[in-house]
Amino acid sequence: MSIDETARRAWDPAGAASYDRGRPGYAPGALGWLVRKGVLGPGRCVVDVGAGTGKLTRQLMLARARVVAVEPLPAMRARLPPRLAVGGVAEALPVASGWAELVTVAQAFHWFRPAEAAAEIARVLQPRGWLALLWNDEAKEADWPDLDHRLKELLAFHGIVTPPGRAKGAWQAEFDASGLFSPWEERQFKHSVESTLDTLVDQLGSYSRLAAQPLELRERILREAAALIAAHPVMGGRRQVLVPYRTTLMTCTRR
Ligand SMILES: C[S@@+](CC[C@H](N)C(=O)[O-])C[C@H]1O[C@@H](n2cnc3c(N)ncnc32)[C@H](O)[C@@H]1O
């Protein structure tokens, strides 16, 4: 199983723990949209690819779907519900051809080799089966952009460039060139998450480029980040703050 070296280094046991504590789930409205479309629901066969620690997997389970959660990294997979977790990569899915009615990929497609993943996802999907990509973006206003800017400066000071986002164009052109799927449709759903100083620090610590650093440097940067966040007006001396997010749901169907 070959996966990107940054991902492999980032999500060791410490990185996986930060990830699980710090990353938000996805907007309930996005899952609700899939349920209303009849794509997700009791007994539906769903493959969650790049399932990580199960942020989306658990939401799919709440819809009582039959979920297979595919995740290559042992430290991430160890945090998945054990009955559903399977080791594997998007480019060679351990799932029978035509089994899935829905394939989900949350915050992970940019790690895949797009053409190979497109072919594999098409193989495991039933004809006209759905592919849903979910991406969480921060929808922060007021003092938040200033804090984000300062945290980016802190990372840059330590030689860490902005973590990779979904770098849309990079994977999408190659995926679309496969011709295996209908054109994408895209919609957005707002949600918000109660966060503490600790979860904000964990979230930063879960970013791949930072998580991939040697433990000592990682911990030093996170201590500096904690001091910066604690003193910033976004916390305002409070124990908990509400962080606004936006989930983008991209869907297409197998031709
Ligand atoms: C940012 S995490 C997202 C995890 C989870 N889907 C979530 O929403 O929290 C990206 C995940 O993709 C996995 N990944 C990286 N390369 C992969 C590949 N080629 N095939 C499948 N999963 C991969 C990583 O191990 C990691 O768990």
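Residues numbered from 1 in each chain as written. Predicted model: local features only at pLDDT ≥ 70, side-chain atom pairs only at ≥ 80, totals over all residues.

*Asks:* Looking at this model, I keep getting lost on the overall build of the chain. Mind explaining?
*Replies:* Scanning the chain from terminus to terminus reveals eleven helices and seven strands. Computed over C-alpha atoms, the radius of gyration of the chain comes to 18 Å, within 12% of the 18 Å expected from 2.2 N^0.38 for 255 residues, which places it in the range of a compact globule. Expressed as a percentage of the 255 residues in the chain, the buried residues total 38%. Residue pairs at least 24 apart in sequence account for 77% of intrachain contacts in the chain once pairs closer than 6 positions are excluded. (Helix = DSSP H or I, 4+ residues; strand = E, 2+ residues; numbered from the N terminus. Rg over C-alpha atoms; globule rule 2.2 N^0.38 Å. Buried ≥ 20, exposed ≤ 12 C-beta atoms within 10 Å, placed from the backbone. Contact = placed C-beta atoms within 7 Å.)

*Asks:* Can you walk me through the nonpolar core in this structure?
*Replies:* Nonpolar side chains in soluble globular proteins tend to end up buried together. Counting residues in hydrophobic clusters, the biggest one holds 48 residues, and the most contacted among them are V47, V49, V103 and L134. Only α3 (28-36), β1 (45-49), α4 (55-62), β2 (66-70), β4 (100-106), α6 (114-124), β5 (125-138) and α8 (168-176) provide two or more residues apiece to this core. Residues within four places of V49 in sequence aside, it is in contact with V70, A90, L93, V103, V105 and A108. (Core = buried A, V, L, I, M, F, W, Y, C linked by C-beta atoms within 7 Å.)

*Asks:* Sorry, what's going on with unusual backbone geometry here?
*Replies:* Of all residues except glycine, most have a negative phi; of all peptide bonds, most are trans. Positive phi values are uncommon outside glycine, yet R64 reaches one of about 65 degrees. Here R64 lies in the loop between α4 and β2. R64 sits in the exposed class, given 12 other C-beta atoms within 10 Å. Despite not being glycine, Q107 has its phi angle at roughly 55 degrees, a positive value.

*Asks:* Got a minute to help me understand the pairing of β5 in this structure?
*Replies:* Consecutive residues of a regular strand have side chains that alternate between opposite faces of the sheet. Across six bridges, the pairing between β4 and β5 is parallel. Counterpart to A100 in the pairing with β5 is L125. Crossover β4 to β5 through α6 is right-handed. Direction of pairing for β5 relative to strand β7 (residues 240-253): antiparallel, over a ladder of nine bridges. Residue W135 lies in a different strand from β7, and its bridge partner there is T248. (Pairing = 2+ DSSP bridges. Right-handed = clockwise from strand over helix to strand, strands pointing away.)

*Asks:* Whenever I open this one, the site of the ligand confuses me. Can you help?
*Replies:* Near the ligand lie 23 residues; those nearest to it are G50, G52, K55, A106 and W111. A per-class count over the shell around the ligand returns 15 nonpolar, three polar and five charged. (Near = placed C-beta within 6 Å. Nonpolar A, V, L, I, M, F, W, Y, C, P; charged D, E, K, R; others polar.)

*Asks:* Help me out: how do you make sense of the sheet that holds β1 in this one?
*Replies:* Hydrogen bonds along the backbone pair up the strands of a sheet, which may run parallel or antiparallel. In space, the seven strands of this open sheet follow the order β3-β2-β1-β4-β5-β7-β6, with mixed pairing throughout. Each edge of the open sheet carries a strand with a single partner, namely β3 (85-86) and β6 (185-196). Bridge analysis of β6 against β7 gives twelve bridges, and the strand direction is antiparallel. Looking at the pairing, S195 lines up with V241 of β7.

*Asks:* It is not clear to me how the packing of helix α9 (residues 197-206) against helix α11 (residues 215-231) should be interpreted in this structure. Could you clarify?
*Replies:* The relative placement of two packed helices is expressed as an angle between their axes plus a distance between the axes. Look at α9 against α11: their axes get within 10 Å of each other, and the N-to-C directions meet at 140 degrees. As judged from the angle between their axes, α9 and α11 are oblique. When you trace α9 past α11, the crossing you get is right-handed. Between α9, through L197, L200, V201, L204 and G205, and α11, the contact on the second element is made entirely by R218, L222, A225, A226, I229 and A230. For the contact of α9 with α11, the class distribution of residues is nine nonpolar, one polar and one charged. (Axes fitted to C-alpha atoms, helices over the stretch in contact; angles between N-to-C directions. Parallel < 35°, antiparallel > 145°, perpendicular 65-115°, else oblique. Left-handed = near helix turned anticlockwise from the far one by under 90°.)

*Asks:* Hey, could you run me through the packing of helix α7 (residues 144-157) against α11 in this one?
*Replies:* In contact at an axis separation of 11 Å, α7 and α11 are set at 155 degrees when each is read in the N-to-C sense. The angle between α7 and α11 places the two elements in the roughly antiparallel class. Note that α7 runs across α11; the crossing there is right-handed. Residue-level inspection shows L147, R150, L151 and L154 of α7 in contact with α11, the latter providing I221, E224, A225, L228 and I229. Of the residues contributing to the contact of α7 with α11, the split by class is seven nonpolar, no polar and two charged.

*Asks:* For this particular structure, what's the right way to read the environment of R66?
*Replies:* Tracing the backbone through its elements, the reader meets R66 in strand β2. What makes R66 partly exposed here is the crowd of 16 C-beta atoms within 10 Å. Each C-alpha atom of the pair R66 and Q213 lies 37 Å from the other, and the pair is 147 residues apart in sequence. Those residues in contact with R66 that sit more than four places away from it in its chain are G43, R44, C45 and V46.

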